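Each chain, written out:
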Amino acid sequence: MKISILSTGTRARRTPAVVALGAVLALTATACGDDGSGAGGGKGAEGSGTGKITFWDNNGGIRTAVWKEIIADFEKANPDIDVEYVGIAATEYQSKVDTAIQGGGLPDVGGVTASMLAGFSAQGALEPLDGRLTESSLNGKLNKDMVESVKAAGGGDGTLYSVPSSANNGVLYYRTDLFEKAGLDEPTTWDAFYAAADKLTDKGKNAFGYTIRGGSGSIAQAFDAMYGQSGITSFWDAEKKTTVNDPKNIEALEKYAALYKKVTPAADVNNDFAKMTAQWDTGTIGMVNHNLGSYTDHVKALGTGKFRGIPQPVGPSGKRVQVSNPVDGLGLFKSSKNKEAAWKFIEFATSTEQNSRFNESAGQVPSNTEAADDAWIQKAEPTKLAAQALNDGSTTIVQLPYYLPDWNTLSKSESEPAFQKVLLGETSAKDFLDDLAEKLNAAQAEWTEQMG
């Protein structure tokens, strides 16, 4: 096993929708005519199933240690395969892959998050994996919602371009000591959530019921609150128009945004996840929405007896609805000259034992449903409850359109400052969502026309 950690330049800002879509389609056409020499659409070869393969980790440094363990076990079980590990920082990974797609030098296997799938697959860089999975020992053992998430993110054609490895679920963390003192029920419903946020607020004592995310990363959290309350289960309606500005979602966002400054600190309008979670860890705020990744920080700050992390509240229907989780996975690059050995590595890494090992280290929900019963999950309650919610059928996932070329621009750089205006009362929730819906509908229509 060879280990290396690389650092590359940061990713450039996305262009507007028309330019971005044109670039993707041009790249797709180029990829389709590739001669197999190693660029994005290279056909590669099955190979002998032995020899050397290269693996690019999309969260190098953070996950290097656990990947070294998994690779060592793989090489022990497969002594005729050598894995070269290359760790790349998460912030730089997509740029490096995009460069390699055009210039050559892609690995055999690489980490691929749901948000990256459409761009890579549109350029012809990823091998379709449906047939391999059907014939694999993994078939039937992967969480169905995670599989559906990566299929939906891959470009809208329902093809599997990545084997999911984990989900970093959204969690509602709440202070059990404060709830008990106030005589409040656990916030398992949205009604209980709002009641608790109100009762736990005492501005004179600098105590607040909730901390809202108003800065970077705010939109996914706002969408969770919208769809969770409205109960709408699809991002598009039957006519392929977005549901973000459905009247039920507008009403839900109005109620959620009204929490700002009423039961939250005023500084929340600029809070990203780091500021928001650090503020909650000071101990004077009742609830915060984040994901499994902040659990260990909360334990360090508060101990294990003062808080819980539970799945998102359920709506009036009694069902839990949330937007698609950040799903990570492993992709097989089409230009690989040793696909058989590369697929063996993907199978091994997402097998019960190794998938459990990886997610115990990451604190995330395993994609392998057999790993979801392992002992470490029973001890990490937020992960245990998140895994149950994904596996027991109690949760409906609204799949976000990661495949749209302009999705990141619309959902982040344009929507985040617009959402801040909603919090500040400068824009109505209706105007914000109507404007976003108009842009999403245009992007979807253009995508459908071009891909049709």
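Residues numbered from 1 in each chain as written. Predicted model: local features only at pLDDT ≥ 70, side-chain atom pairs only at ≥ 80, totals over all residues. Heavy atoms only, no water.

Asker: Honestly, the overall build of the chain in this entry has me stumped. Any pointers?
Answerer: Check the secondary structure of the chain and you find 18 helices and 13 strands. For a compact globule of 452 residues, the expected C-alpha radius of gyration is about 22 Å, and the chain comes in at 22 Å, within 12% of that figure. Taking all contacts inside the chain whose residues are at least 6 apart in sequence as the whole, residues at least 24 apart take part in 77%. Taking the 43 positively charged and 56 negatively charged side chains of the chain as two groups, their mean positions are separated by 4 Å. (Helix = DSSP H or I, 4+ residues; strand = E, 2+ residues; numbered from the N terminus. Rg over C-alpha atoms; globule rule 2.2 N^0.38 Å. Contact = heavy atoms within 4.5 Å. Lys, Arg positive; Asp, Glu negative; His and termini not counted. Charge placed at Lys NZ, Arg CZ, Asp CG, Glu CD.)

Asker: Sorry if this is basic, but what is going on with the nonpolar core here?
Answerer: As a rule of thumb, nonpolar side chains are buried together in soluble globular proteins. Ranked by internal contacts, the top residues of the largest apolar core, which has 123 residues, are Phe223, Tyr227, Phe235 and Tyr256. Apart from the residues within four sequence positions on either side, Tyr227 is in contact with Ile232, Ser234, Phe235, Thr243, Val244, Asn249, Val321, Val323 and Val398. (Core = buried A, V, L, I, M, F, W, Y, C linked by side-chain atoms within 4.5 Å. Buried < 20%, exposed > 50% of the residue type's maximum accessible area, 1.4 Å probe, protein only.)

Asker: Teacher, can you tell me more about the packing of aromatic side chains here?
Answerer: For any two aromatic rings, the description comes down to two numbers: the centre-to-centre distance and the angle of the planes. Tallied over the full model, the rule gives 25 aromatic pairs. With 5.9 Å between their ring centres and 45° between their planes, Tyr403 and Trp447 make a pair best called tilted. You can see Tyr403 sitting in the loop between β13 (395-398) and α17 (407-423) and its partner Trp447 sitting in helix α18 (residues 429-451), a full 44 residues away along the chain. Across the pair, exposure class does not vary: Tyr403 and Trp447 are buried alike. Grouping aromatic residues by their ring pairs yields a cluster made of Phe55, Trp67, Phe74, Tyr85, Phe345, Phe348 and Phe358. (Phe/Tyr/Trp six-rings, centres within 6.5 Å; stacked < 30°, edge-to-face > 60°.)

Asker: Is there a simple way to explain helix α10 (residues 247-257) in this structure?
Answerer: An α-helical segment advances 3.6 residues per turn. Residues three or four places apart therefore align on the same side. Among all positions of α10, only Asn249, Ile250, Ala252, Leu253, Tyr256 and Ala257 are buried. Buried positions in α10, seen along its axis, are confined to an arc of 165° and lie on one side of it. Exposed side chains of α10 directed beyond 90 degrees from the buried face belong to Pro247, Lys248 and Glu251. Buried residues in α10 make contact with α8 (190-199), β7 (208-211), α9 (218-230), α17 and α18. Residue Asp246 occupies the N-cap position of α10, its side-chain oxygen lying 2.8 Å from the main-chain nitrogen of Lys248. (Arc of directions from axis to C-beta. Polar contact = N/O pair within 3.5 Å; in protein donor to acceptor, adjacent residues only side chain to side chain.)

Asker: Just checking my understanding: could you explain the confidence of the model for the chain for this structure?
Answerer: Low-confidence regions, as indicated by low pLDDT, have predicted coordinates that should not be scrutinised in detail. Averaged over the chain, the pLDDT score is 89; the fraction of residues at 70 or greater is 90%. In this model residues 7-41 is a low-confidence stretch, pLDDT under 50, and it forms 65 contacts with partners more than four residues away in sequence or in other chains. (pLDDT = per-residue confidence, 0-100.)

Asker: Help me understand the side chain of Asn58, please; the structure alone is not making it clear to me.
Answerer: Mapped onto the elements, Asn58 comes out in the loop between β2 (51-57) and α2 (64-77). The class for Asn58 is buried, based on a relative accessible area of 8%. Within the structure, Asn58 has its side chain in polar contact with the side chain of Asp328 (distance 3.3 Å). Ignoring anything within four residues of it in the chain, the contact list for Asn58 reads Ile88, Ala89, Ala90, Tyr93, Gly111, Val112, Thr113, Met116 and Asp328.

Asker: For this particular structure, what's the right way to read the side chain of Thr54?
Answerer: Locating Thr54 in the fold gives a position in strand β2. Here the side chain of Thr54 touches Glu84 through a polar contact of 3.4 Å, side chain to side chain. Leaving out residues up to four positions away in the same chain, Thr54 has contacts with Glu84, Val86, Pro107, Asp108 and Val109.

Asker: Mind showing me how you'd approach the sheet that holds strand β6 (residues 170-175) here?
Answerer: The strands that make up a sheet pair up through hydrogen bonds in the backbone, lying either parallel or antiparallel. The strand order β7-β8-β6-β9 describes an open sheet built from four strands, whose pairing is mixed. Only two strands of the sheet have a single neighbouring strand rather than two, namely β7 and β9 (307-310). Going from strand to strand, the sheet's axes swing by 20° on average, the running direction of each strand aside. Those strands touched by helix α16 (residues 381-391) are β6 and β9, and its axis lies near 20° from that of β9. (Pairing = 2+ DSSP bridges. Axes fitted to C-alpha atoms, helices over the stretch in contact; angles between N-to-C directions.)

Asker: Is there a simple way to explain the pattern of salt bridges in this structure?
Answerer: If charged atoms from side chains of opposite charge come close, those side chains can pair. One pass over the structure, following the stated rule, counts 15 salt bridges. Between Glu69 and Arg357 there is a salt bridge; the shortest N-O distance is 3.7 Å. With Glu69 in helix α2 and Arg357 in helix α14 (residues 352-362), this pair connects stretches of sequence that are 288 residues apart. Under the relative-accessibility criterion, Arg357 is labelled partly exposed at 24%. Salt-bridge contacts for Lys439 lead to Glu414; the nearest nitrogen and oxygen are separated by 3.0 Å. Linking Lys439 in helix α18 with Glu414 in helix α17, this pair joins segments that are 25 residues apart in sequence. Under the relative-accessibility criterion, Lys439 is labelled partly exposed at 34%. On the basis of relative accessibility, which here comes to 33%, the residue Glu414 falls in the partly exposed class. Linked by salt bridges that have partners in common, Glu46, Glu127, Arg132 and Lys339 make up one network. (Salt bridge = Lys/Arg side-chain N within 4 Å of Asp/Glu carboxyl O.)

Asker: In this structure, what is going on with helix α13 (residues 339-349)? I would like to understand it.
Answerer: The buried fraction of α13 amounts to nine of the 11 residues, a majority that puts the element mostly inside the structure. Lys339, Ala341, Ala342, Trp343, Phe345, Ile346, Glu347, Phe348 and Ala349 are the residues of α13 that are buried.

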